[in-house]
Every structure is written in structure tokens, then in C-alpha cells.
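Per-entry structural report
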Amino acid sequence: MIFDVLIIGGGVSGMQCALVLGSGLHKPFAKDKKVGIILHQRASHLQNALFNNVLGLPSGTLGSKILESGKKQLTDNYSSVSQIEKEKVISIVDHQGVYRVRTNKNEYKSTVVVLALNYSKPFSIQGLEDYVMPHQKANLNKDRIQLKNENHFIKKGLYVCGTLAGCRSQFAIAAGSGASVATDILTLWNDGNHVKIHDKI
Ligand SMILES: Cc1cc2nc3c(=O)[nH]c(=O)nc-3n(C[C@H](O)[C@H](O)[C@H](O)COP(=O)(O)OP(=O)(O)OC[C@H]3O[C@@H](n4cnc5c(N)ncnc54)[C@H](O)[C@@H]3O)c2cc1C
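Throughout what follows, the structure given in this document is the object of discussion.

Definitions and cut-offs
Residues numbered from 1 in each chain as written. Predicted model: local features only at pLDDT ≥ 70, side-chain atom pairs only at ≥ 80, totals over all residues. Heavy atoms only, no water. Helix = DSSP H or I, 4+ residues; strand = E, 2+ residues; numbered from the N terminus. Contact = heavy atoms within 4.5 Å. Buried < 20%, exposed > 50% of the residue type's maximum accessible area, 1.4 Å probe, protein only.

1. Quick word on the side chain of serine 13
Among the structural elements, serine 13 can be located in helix α1 (residues 12-24). Once residues within four sequence positions are removed from consideration, serine 13 is found in contact with Ala116, Cys161, Gly162, Ala174 and Gly178.

2. Quick word on unusual backbone geometry
Residue proline 122 is bonded to the preceding lysine 121 through a cis peptide linkage, with omega at -5°. Within the secondary structure, proline 122 is located in the loop between β8 (107-115) and β9 (132-134). We note that asparagine 151 has phi near 50°; this positive angle belongs to a residue other than glycine. Of note, asparagine 151 is situated in the loop between β10 (145-147) and β11 (153-155). For asparagine 151, a relative accessible area of 59% corresponds to the exposed category. Positive phi values are uncommon outside glycine, yet histidine 152 reaches one of about 80°. Here histidine 152 shows up in the loop between β10 and β11.

Structure follows, in C-alpha cells:
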């Protein structure tokens, strides 16, 4: 299958990006767009986290629960977003304007790729080595990394969000970064006219 957008990483920024993109798929400019997310979650920082300081999350919410409830929220509300589970991305190659994303099990093609991995080392995806740099907003002793980008944009069709984009590691910041990339992509599809997706009572 060829995707219009393929999000890589099923943690905070990746799932938030998928939710906002999914919520925009009913718009005329997004008609027939195919969005997918590679929901590898084993390496997510959510696995061991516990939250008391995130607006809207009940105190004591476990990150491991959000990994599950996030997938369900995506399925229940935006089932047209393809969820690809239990696959890890190995390489990404730009082939004449289309990205070839190889996992340990399959190969996918996508016009736009959103990298939503986190800032942990080692960064093992082949094809992106030139963009890796030391993280600019993390403790130097922790030796974190980010990808070179300008406001989440790396190059045509390639975006990064969350801690890998250089954000500080806070749930709300990572989520906002994923939402920001989603609205950038929706805006692109809407010929540069700015897009936000709101539901109303
Ligand atoms: C112990 C702990 C406690 C925390 N407590 C708080 C807190 O109280 N308040 C707060 O605001 N923040 C807290 N945080 C920070 C918060 O969890 C992170 O800021 C947030 O998870 C970062 O989101 P992210 O999308 O950048 O990365 P992640 O949520 O880690 O998501 C990255 C995703 O990429 C996937 N991935 C990695 N490699 C590949 C690959 N090759 N192919 C496909 N997928 C891949 C991972 O499996 C994961 O699903 C805590 C973090 C930790 C570790």
C-alpha cells in the first residue's frame, strides 16, 4: 500500500499526530488520503512513566495504560488510520520523492513520513544518519539526540516530532509537537490555507 502519510513511532507525539490527522480526513481537501502509523511501542518512554502533571489526565495515570488507550481512541474515532503493530523500522530511503520505509517484516511507501521516535540513543534507522545531532534541550550527561529540523520540517516530505525533534521531554510538549506536525500536513493539503480541526457541542 502507498501512504500519503506514514507516522513512525507509537508514543506520545506519534499517536497525537495520528489523532489530529485522523480527525482531518473528513475534510474535502483530505479526501482519499491514506494515513498510517507504525505503532511499535516497546521502546516508548511511556512504558515506565506515571503522570500527575498533565492537564486532563487523572492523577496517577500510567503511561503503559496510555499506550493501550491511545490505540483504542484512534480505532474508535478514526478507524481509517491504518495501525501497523509489532514492526520496527530499519531503514528509510528517499526514492524520487517517495519514501521507502523498511521494517523487520515489510516495506511501505509514503509521500510524507513523520518521525516520532524518541531522543534515546542509539538511533538505529538507516538512511537518516546525516540528520542526527546532540539534543539541544536535554541534560548533556544523558547524551540524548535529535534530528536537524526547522520547526519540525527536515526536508520535503520528511517531518520529525516529539523529543526527537528537540523538544524537552514533557508529555504536553511532545503531544503538542505531534499535533503541530499534523496541522502542518493538513495545511499543505489545503494549498497552504491554515487548518485546525475542532469538534463542537
Ligand atoms: C519514567 C518516566 C517518567 C515520566 N514522567 C513524566 C511526567 O510525570 N510528566 C511529563 O510531562 N512527562 C513525563 N515523562 C516524559 C514523557 O513520557 C515523554 O516526554 C514522552 O513520552 C515523549 O514522547 P515522544 O513521542 O517523544 O517519545 P515516546 O513516547 O517514547 O515514543 C517514541 C515511540 O517510537 C517508537 N520507536 C522507537 N524506535 C522505533 C523504530 N525503529 N521503529 C518504530 N518505532 C520506534 C517507540 O517504541 C515509541 O513508541 C516521563 C518519562 C519517563 C521515561
